[in-house]
Every structure is written in C-alpha cells, then in structure tokens.
Amino acid sequence: MKLGILGLPNVGKSTLFNSLTKAGAESANYPFCTIDPNVGVVPVPDERLKLLGDMYNSKKVTPAVIEFVDIAGLVKGASKGEGLGNQFLGNVRECDALVHVVRCFEDANVVHVDGSVDPARDVETINLELIFADLEVLERRMSRVGRAAKNDKDAAAELAMLQRLKTFLEEGKLAISFELKNEAESALFAELNLLTAKPVIFAANVAEDDAADDGANNPHVQAVRKLAAESGSEVFVVCAQIEEEISELDDDEKQMFLEDLGLTESGLDKLIRASYSLLGLMSFLTAGEKETRAWTIKKGTKAPQAAGKIHTDFERGFIRAEVVNYKDLLECGSLGAAREKGIVRLEGKEYVVQDGDVILFRFNV
C-alpha cells in the first residue's frame, strides 16, 4: 500500500511523515521547507505475527508494509506556478490513497500561508489544485484522442467521455464521484489515474491539548469531520508534534507515554486502521519455521487470488488451501494439534479469505 501525504505548507505534513517513518525528513516553520519528495517505508504493526513467529520459532518475521510519499506544500495558484507550483503532484499520482493533512491548531508562532486557520477553505484550496492538475491530464489526452476520433468509433466514444469528465471537473467536482456508464469507461477512467479519483484520509492535526479527547471540542476538527462525511472520506485526529516525540521511544516507553497523555493508540495505528478501512483491505497470514508473514489483500479475495499474492505459480496451480484462524492455531499450539482437533479446514477455489486466516496453500504446476 502506498499513501501520498499532501496539504498546504506548514500544516504538519513533514512532521507527521517523520513520526510515521522515522526518516528524518526536514521540517521547519517556514513554507516550502520540503522540496524534493520524501519517501519512507513503514512496517504495519501486527501482534499476530510475533505470536505466530514465537510459536513456530520462525527465523524471519515479515510484516505488511506501507510506503509514504511526502511532497512540498501546495498553495492557491500552484497550477499557475504559485509557490513551488504543482510539479510534485506526479510523485503521488501512483499512490493508492491520499493523506490530506489539515491544520486544526491555533499557534501564532507557526505561520499559516493564508493568515488564519480555516479547514474548509484549506481543503477547498487543495482540491482545486488537484482538479487543475487532473484537467491538464485530460487536455493532453483529449488532444491525442481528438485526431483519431474523426475516423474511429472507439476513439470518438473515448473523446465524448473525456469531454463529459472535463466538464464535471470544471464544475469543481472531484473525479471520485463521476458516474461511469460502462466497463469501457471504467477501464479508461482507471487508466487516467486522476488525483481527484483517489480515496482521501484527512489527518486533522491538533495541538497536544486536543489529542486526548480526539478533538471533540475543537471546532476545526468538527469542520474536517463534516467535510469527510460529505465526501465519503476517512478522518483521524493526530498531534503530529506528539507523534514525532514518541517515534523516538521504544515500544514500552511509547505505551507509557501514550497512557500519560490519555491516548489509547498512536497516530500510525489510527492511520493504518483508516487506510485499511477506506481501501477495503485486510491481512491473511502464512507461518512456518522459515518465515511468518502478513499478506495484504482486498476484502472479498478468493483463495487462488490470495495465493497469487505469494507467487503467480501458487494461483496458476492452486489445488486447495488449508485454513485455520490464528487464534485457534495459537490455542492449539501447533498446526498438527489443530488438525487433530479438526479445526483446520480444506477450502477450494471459491473460498473467500478472512482477516486473520493462517493459510497453507497446496498447488501443482
């Protein structure tokens, strides 16, 4: 999973990125501190892996990972070259979802590019810049397709769909809510890889005082939650400054620090939960002496396609899957004991994999 972090300058993007990745991206109290994109890969915390790894005495334990991309802040007029322009948006075009960091704290010592904190205005500014960037993509595509449309029925249909989409974006709407008429349009739409077609997770960045109650009494957070509800987006409240502090601690110290602040989970945990929910993801597990590993798949994935995440040969030669829930396996103490109790199931090609399944695939190529 790959997530792009964006927002206005000075809203806490790089601070949040640093805390999530411990990558040491520069962050400072002036606009456009980040110029080159920062990239960091983070393991997804999963206590199931450690427990299974210990049970099997696994030589290697491999968690699922998330890649974060942090780009320079966007300002109003970025598409026309204001600030650093929108040249860095290409770095997040390949991401699965966008993490939009929105400033929800008041601090006279931290400059706001528009002079005041206003989440609704700030979100609209970013959305408009994403729309302008998408319109550039559409115009280039239309220019290319337009020449062929005179003599080619498929090209003419594509051009009509592109024109419809262009009009839709010019009305200030996001591509994610654009209505597609058929499979051909859906395929073309996916190929365009538009920024405004990507799911969004809002990160409401608050001051330390608002972290413990999840921003319940912060009007800026309420504004972000309203925007998220209207657009079908996820939202989580985070204090990037706290997150950066706890990112330097070991697990035990981190837990104590969170408890002292009245927090039950870290910002990374919140973001992972939000992103898995938004993208409809879950994990199944494989376990053994060589390696215990988590594999991220879409909810609703059937056993052969899940096997294909490990290796294409597994999917091509799929015979069956031996499946047991990780809790049942841990209670039994071994796969052999679980088999004796009759709780290891043999599943075929139509089995829909469940979160927390521990699977041994049988295949023949």
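Residues numbered from 1 in each chain as written. Predicted model: local features only at pLDDT ≥ 70, side-chain atom pairs only at ≥ 80, totals over all residues. Heavy atoms only, no water.

A. The overall build of the chain, seen in detail. In terms of helices and strands, the chain carries 13 helices and 12 strands. If you line up the chain on its principal axes, its C-alpha atoms span 65 × 65 × 35 Å. Here the chain holds 365 residues, and 48% of them are scored as buried. Taking all contacts inside the chain whose residues are at least 6 apart in sequence as the whole, residues at least 24 apart take part in 67%. Looking at the chain, you have 42 positive and 60 negative side-chain charges, and the mean spots of the two groups are 9 Å apart. (Helix = DSSP H or I, 4+ residues; strand = E, 2+ residues; numbered from the N terminus. Buried < 20%, exposed > 50% of the residue type's maximum accessible area, 1.4 Å probe, protein only. Contact = heavy atoms within 4.5 Å. Lys, Arg positive; Asp, Glu negative; His and termini not counted. Charge placed at Lys NZ, Arg CZ, Asp CG, Glu CD.)

B. Expanded view of the nonpolar core. With 67 residues, the main nonpolar core has Leu6, Phe68, Leu89, Val92 and Leu271 as its most contacted residues. Take this core: its biggest share by element is seven residues, from helix 9 (residues 267-279). Phe68 has contacts with Leu3, Ile5, Phe17, Leu20, Thr21, Asn38, Val39, Gly40, Val42, Leu268 and Leu271, leaving out every residue within four places of it along the chain. Among the nonpolar cores identified, the runner-up in size contains 19 residues, and Val145, Ala175, Phe189 and Leu194 belong to it. (Core = buried A, V, L, I, M, F, W, Y, C linked by side-chain atoms within 4.5 Å.)

C. How the structure looks around the pairing of strand 10 (residues 318-325). Inspection of the sheet shows strand 10 paired to strand 12 (residues 357-363) by seven bridges, in the antiparallel sense. Each residue of the ladder has a partner; that of Phe318, found in strand 12, is Phe363. Note that strand 10 and strand 11 (residues 345-347) share three bridges and pair antiparallel. Opposite Ala321, over in strand 11, you have Glu347 as the bridge partner. (Pairing = 2+ DSSP bridges.)

D. Seen up close, the side chain of Thr62. As for its position among the elements, Thr62 is in strand 3 (residues 60-62). The exposure class assigned to Thr62 is buried, which follows from its relative accessible area of 16%. Engagement of the side chain of Thr62 in a polar contact is seen with the side chain of Glu291, the distance being 2.5 Å. Sequence-distant contacts of Thr62, defined by excluding residues within four places in its chain, comprise Leu49, Glu291, Thr292, Arg293 and Ala294. (Polar contact = N/O pair within 3.5 Å; in protein donor to acceptor, adjacent residues only side chain to side chain.)

E. Seen up close, the sheet that holds strand 5 (residues 97-103). On the basis of which strands lie adjacent, the open sheet formed by six strands has the order 2-4-1-5-6-7 and mixed pairing. Each edge of the sheet is formed by a strand with only one pairing partner; in this case those strands are strand 2 (38-43) and strand 7 (234-238). On average, each strand axis in the sheet is inclined to that of its neighbour by 25°, with strand direction left out of account. Note: strand 5 against strand 6 (residues 200-205), six bridges, orientation parallel. By the bridge assignment, Val101 is partnered in strand 6 with Ala203. (Axes fitted to C-alpha atoms, helices over the stretch in contact; angles between N-to-C directions.)

F. Representation of helix 1 (residues 13-21) within the structure. When you tally the buried positions in helix 1, you get nine out of nine residues, the bulk of the element. Residues of helix 1 that are buried: Lys13, Ser14, Thr15, Leu16, Phe17, Asn18, Ser19, Leu20 and Thr21. Looking one or two residues beyond helix 1, the residue adopting positive phi is Lys22, at roughly 55°.

G. Structural view of empty space enclosed by the protein. What the rule picks out here adds up to one cavity of 30 Å³ or more. Considering only enclosed or pocket space, the largest cavity measures out at about 50 Å³ in volume. Lining the largest cavity are Ala211, Val237, Val238, Cys239, Glu243, Leu263, Glu265, Ser266, Gly267 and Lys270. The set of elements that each furnish at least two residues to the lining of the largest cavity consists of strand 7 and helix 9. (1 Å grid on protein atoms, 1.4 Å probe; cavity = no way out; pocket = protein on both sides within 12 Å on 5 of 7 lines; lining within 4 Å. Points joined across faces, edges and corners; volume = space filled by probe spheres on them.)

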